[in-house]
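Observations on the three-dimensional arrangement
Here is how the chains run, residue by residue.
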Amino acid sequence: GARRAGEGRGRGPRATLFATTFIVVLAWASACEGQAPHPASWWLRFRTTGYLFEVEEPSGATLDRFGAYQDFDGAVSGLANGRLALRASGRFADDLYLREKVTERARLYSGHVEARVTPRAGVRAGRQFVQEGVTGLTLDGVLLTLRPRPAWELSAWGGGRAPLTREISLDDWSDNAAWGIRAALARSRAVRVAASWAYRERD
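Cut-off values and rules
Residues numbered from 1 in each chain as written. Predicted model: local features only at pLDDT ≥ 70, side-chain atom pairs only at ≥ 80, totals over all residues. Heavy atoms only, no water. Core = buried A, V, L, I, M, F, W, Y, C linked by side-chain atoms within 4.5 Å. Buried < 20%, exposed > 50% of the residue type's maximum accessible area, 1.4 Å probe, protein only. Helix = DSSP H or I, 4+ residues; strand = E, 2+ residues; numbered from the N terminus. Contact = heavy atoms within 4.5 Å. 1 Å grid on protein atoms, 1.4 Å probe; cavity = no way out; pocket = protein on both sides within 12 Å on 5 of 7 lines; lining within 4 Å. Points joined across faces, edges and corners; volume = space filled by probe spheres on them. Phe/Tyr/Trp six-rings, centres within 6.5 Å; stacked < 30°, edge-to-face > 60°. Lys NZ or Arg CZ within 6 Å of the ring centre and 35° of its normal.

Counting residues in hydrophobic clusters, the biggest one holds six residues: Val-130, Leu-137, Leu-139, Leu-143, Trp-157 and Ala-178. Of the residues forming this core, the biggest block, three residues, is contributed by strand 6 (residues 135-146). Aside from chain neighbours lying at most four places away, what touches Ala-178 is Leu-137, Leu-139, Trp-157, Gly-158, Gly-159, Gly-160, Tyr-199 and Arg-200.

Structure, rendered in structure tokens:
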């Protein structure tokens, strides 16, 4: 009972940010409808993988098992006159349910909205993999990218580290906060200099 109550209280920050982000993005996409049309495209892929194995107990008893997992990934691009894209990938629950729950059945690997605000500025919000300088993690949050000049690239991100098992969770960011910035300068095709800073919390 205490664990469930704690989980319920911790859903505010992430849920509020995600809901606000999607509302803003949808409003912005609607405002772009009156502009010149841009072709939109989408794709969706499903895959089923079966696992057949046998478990032998210390007593010598054996048990045959079969499980099947359904994975999906897809994307929609070209929305809002080519400025908006949606991407997601994950795993469904096992439809051949095993008696013992040995793995986390449903997982969300990625699920984010990517918006090109201007030709030199973009934002990505949701579950995403971030590899920026000293940071590499699956983030539930926001990533901003800026190119004020052709040679400069600036990025900033913030939110919380996704659960290691990738389950769909909106727990409080205060336990697994992640923030950072990165600046890169391309002096030439052969020389590039970058500096980054990151802050991480764990439990």
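Below, the discussion takes up the layout of surface pockets. Considering only enclosed or pocket space, the largest pocket measures out at about 360 Å³ in volume. The wall of the largest pocket is formed by 22 residues, among which Glu-114, Ala-115, Gly-122, Val-123 and Thr-145 lie closest to the centre. If you list the elements that add at least two residues to the lining of the largest pocket, you get strand 2 (62-78), strand 3 (84-91), strand 4 (107-118), strand 5 (121-132), strand 6 and strand 7 (152-161).

Take the packing of aromatic side chains next. Here the structure, examined in full by the defined rule, presents one aromatic pair. Look at Tyr-51 and Tyr-69: their rings are 5.5 Å apart centre to centre, the planes differ by 70 degrees, and that puts the pair in the edge-to-face class. Taken together, the residues span a long stretch of sequence, with Tyr-51 in strand 1 (residues 41-56) and Tyr-69 in strand 2 at a distance of 18 residues. Look at Tyr-51 and you get partly exposed, because its relative accessible area is 41%. One Lys or Arg, Arg-91, reaches over the ring of Tyr-69 and ends 4.3 Å from the middle of that ring.

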